[in-house]
Amino acid sequence: MTNKLSYKRLPVFLVGMIDGLIVPLTIYCFFVRVLTSQHQAVQITTIGGLVLAILLAIGAYLTRKAETNNAGEQALIKIYAKLGINEAIQKQMTDDTVQEQEKWQAEWQQGANATSNLSPLNYALTIWLGYLCGLAVIVLNVNFYASQNLGFLIVPFIVLLMAGFLKHKVASQNPLIGTLSVGLSGILAAVTNWLIAGLF
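Residues numbered from 1 in each chain as written. Predicted model: local features only at pLDDT ≥ 70, side-chain atom pairs only at ≥ 80, totals over all residues. Heavy atoms only, no water.

J.: How should I be thinking about the packing of helix H6 (residues 154–170) against helix H7 (residues 175–197) in this particular structure?
T.: Helix-helix packing is characterised by the crossing angle of the two axes and by the distance between the axes. Contact geometry for H6 and H7: axes closest at 7 Å, N-to-C directions at 140°. Note that H6 runs across H7; the crossing there is right-handed. Residues Phe157, Leu160, Leu161, Gly164, Phe165, His168 and Lys169 of H6 pack against Pro175, Gly178, Thr179, Ser181, Val182, Gly183, Leu184, Gly186 and Ile187 of H7. Within the contact of H6 with H7, the residues separate by chemical class into eight nonpolar, seven polar and one charged. (Axes fitted to C-alpha atoms, helices over the stretch in contact; angles between N-to-C directions. Helix = DSSP H or I, 4+ residues; strand = E, 2+ residues; numbered from the N terminus. Left-handed = near helix turned anticlockwise from the far one by under 90°. Contact = heavy atoms within 4.5 Å. Nonpolar A, V, L, I, M, F, W, Y, C, P; charged D, E, K, R; others polar.)

Right, dumping it as structure tokens:
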């Protein structure tokens, strides 16, 4: 039972970890080039990453709760309204959530990969822990490189490749395509932010 539950947590953990690698990495790439102090860039990345981890966990919990209660789009709109989000953004976020949910179900709600038994709290905690692991990789890694040395992208790229492989492997999808799509999209986002920062 424990092994089956752990296996059901793995896809959720990997989704959180991939976000925890890509988002903080893009934040760091921007600020390490804009600021003169690498230490400040690491601080901003760490603090920003922790705040985003909390927001991600809250969003995951609310979305999962709405899903398990069969609340649908209207309930999500009410949740977003309570958070003070304007109507246009509410609609966009709701559409994105529904699309992501449908995609998620298509990918993970199959046989042993199903996550339907995860409670909203377990779902949120799992994705939160995954995100924190990704954030830890980024923060620890960048301390080994000089601020203007793009060598700090190597380790995150390798970890993203591994996470992409596992994510698609447990979903019984083509692991090669998953490996390349996750790895390349993450590095592309980071390099893009690095180049944008160079304009300031």
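J.: Whenever I open this one, the packing of aromatic side chains confuses me. Can you help?
T.: When we look at a pair of aromatic rings, we describe it by the centre distance and by the angle of the planes. Under the definition given, this model contains three aromatic pairs. Taking the centre distance of 5.2 Å and the plane angle of 85° together, the rings of Phe30 and Phe31 count as edge-to-face. Phe31 gets classed as partly exposed once you look at its relative accessible area, which sits at 27%. Geometrically, the ring pair formed by Phe152 and Trp194 is tilted, given 6.3 Å between the ring centres and 55° between the ring planes. Here Phe152, found in the loop between helix H5 (120–142) and H6, pairs with Trp194, found in helix H7; they are 42 residues apart in sequence, far enough to count as distant. (Phe/Tyr/Trp six-rings, centres within 6.5 Å; stacked < 30°, edge-to-face > 60°. Buried < 20%, exposed > 50% of the residue type's maximum accessible area, 1.4 Å probe, protein only.)

J.: Could you clarify how one ought to interpret the nonpolar core in this entry?
T.: Generally speaking, soluble globular proteins have nonpolar side chains that are buried together. The biggest cluster of nonpolar side chains holds 24 residues, and the ones touching the most others in it are Leu25, Tyr28, Cys29, Phe152 and Leu153. Of all the secondary structure elements, the ones that give two or more residues to this core are helix H1 (2–34), helix H2 (38–68), H5, H6 and H7. Grouped together as the second largest cluster of nonpolar side chains are seven residues, Val15, Ala60, Ala124 and Ile127 included. (Core = buried A, V, L, I, M, F, W, Y, C linked by side-chain atoms within 4.5 Å.)

J.: What is the right way to look at a nonpolar patch on the surface in this model?
T.: A cluster of nonpolar side chains, contributed by Ile47, Val51, Leu52, Ile54, Leu55 and Ile58, occupies part of the molecular surface with about 530 Å² of accessible area. Position of Leu55 among the secondary structure elements: in helix H2. (Patch = residues over 30% accessible without salt bridge, like charges linked within 9 Å, V, L, I, M, F, W, Y side chains within 5 Å. Areas by Shrake-Rupley, 256 points an atom, 1.4 Å probe, with all protein chains shown as cover. Salt bridge = Lys/Arg side-chain N within 4 Å of Asp/Glu carboxyl O.)

J.: What am I meant to see in the environment of Phe31 here?
T.: Residue placement: Phe31 occurs in helix H1. Separated by 166 residues in the primary sequence, Phe31 and Ala197 have C-alpha atoms spaced 7.3 Å apart. In this structure Phe31 touches Ala41 and Ile44, once residues within four positions along its chain are discounted.

J.: Help me understand the side chain of Thr126, please; the structure alone is not making it clear to me.
T.: In this structure, Thr126 sits in helix H5. Relative accessible area serves as the criterion here: at 5%, Thr126 is assigned to the buried category. Excluding residues within four positions of it along the chain, Thr126 makes contact with Arg9, Val12 and Phe13.

J.: Help me understand the side chain of Thr45, please; the structure alone is not making it clear to me.
T.: Counting through the fold element by element, Thr45 comes out in helix H2. One polar contact links the side chain of Thr45 to the main-chain carbonyl oxygen of Ala41, over a distance of 2.7 Å. Setting aside chain neighbours within four positions, we find Thr45 in contact with Pro24, Ile27, Tyr28 and Leu135. (Polar contact = N/O pair within 3.5 Å; in protein donor to acceptor, adjacent residues only side chain to side chain.)

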